[in-house]
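Observations on the three-dimensional arrangement
Take a look at the letters that make up each chain.
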Amino acid sequence: MNAHIQAIYLASTAGAKMQSIDHIKVNAGSGIEGDRYALGTGAYSKAEPSKVRHISLVSLAGIETANEWLEAGGEPTFDGSETRRNVVLNGITATELNDLVGKQFQLGNLQLLGIELCTPCERPAQLLSKPSFMEAFEGRGGIRAEVLNTETLSIGDKLSLNN
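Let me begin by describing the structure that accompanies this report. (Residues numbered from 1 in each chain as written. Predicted model: local features only at pLDDT ≥ 70, side-chain atom pairs only at ≥ 80, totals over all residues. Heavy atoms only, no water.)

1. A look at the sheet that holds strand β9 (residues 143-147)
- One open sheet accounts for 8 strands, arranged β2-β1-β6-β5-β9-β8-β7-β11; its pairing is mixed. With one partner strand each, in any of the chains shown, β2 (19-21) and β11 (159-161) form the two edges of the open sheet. The average undirected angle you get between the axes of adjacent strands in this sheet is 35°.
- In the sheet, strand β1 (residues 4-10) pairs with strand β6 (residues 87-90) via 4 bridges, with the strands oriented antiparallel. Each bridged residue has a counterpart across the sheet, and for isoleucine 8 the counterpart in β6 is valine 87.
- Against the sheet, helix α2 (residues 60-72) engages β1, β5 (55-59) and β6, with an angle of about 60° to β5. (Pairing = 2+ DSSP bridges. Helix = DSSP H or I, 4+ residues; strand = E, 2+ residues; numbered from the N terminus. Axes fitted to C-alpha atoms, helices over the stretch in contact; angles between N-to-C directions. Contact = heavy atoms within 4.5 Å.)

2. Things to note about the pairing of β5
- Within β5, 5 of the 5 residues are buried, leaving the element largely enclosed by the surrounding structure.
- Burial of the side chains of β5 extends over both faces: Ile55, Leu57 and Ser59 are buried on one face and Ser56 and Val58 on the other.
- Direction of pairing for β5 relative to β9: antiparallel, over a ladder of 3 bridges. Residue pairing in the sheet places isoleucine 55 in a bridge with alanine 145 of β9. (Buried < 20%, exposed > 50% of the residue type's maximum accessible area, 1.4 Å probe, protein only.)

3. Things to note about the environment of phenylalanine 137
- Following the sequence through the fold, phenylalanine 137 ends up in the loop between α5 (133-136) and β9.
- On a C-alpha basis, the gap between phenylalanine 137 and leucine 113 in space is 22 Å, while along the polypeptide they are 24 residues apart.
- Residues within four places of phenylalanine 137 in sequence aside, it is in contact with Gly62, Ile63, Ala66, Phe78, Thr83 and Pro120.

4. Some words on the sheet that holds strand β3 (residues 23-27)
- Within the open sheet, the 3 strands sit side by side as β4-β3-β10. Their pairing is antiparallel. Looking along the sheet, the strands with just one partner apiece sit at the ends: β4 (31-32) and β10 (151-154).
- Summarising the sheet, β3 and β4 pair through 2 bridges and their orientation is antiparallel. Among the inter-strand pairings, asparagine 27 is bridged to a residue of β4, identified as glycine 31.

Here it is as structure tokens:
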């Protein structure tokens, strides 16, 4: 596997446009410094039952497949920031990324534990007035992970599996 970070995004408040950044500090136990979920200001920060929302990852291949499905139906597509995920990974399929749930892995020197699939919700579609996000990203919505150490993430950092 030759997966690496293609893009990093954060939003400081619920509904704010995702900002592209080249590198960011990620803190153990809370997530991306300055991101809405680390700050407790995300749309689902207060949702019950509470979930680990330290960092979300999506595969570029999954975005491309979803966009092909949308284009075939004549519907608008989504770029990486519009998925509202923090990290876009190149060089990994949606299925390979989904398989990291329940496993420890690294992005650069950042230690992560795959927690659960990011089931597509209506939030991106509502914020952008673009329909069909849920259908297009079913099985391709990425994963959420728990941050196990404090490190800096940068575009180009490679994904590796802990054996």
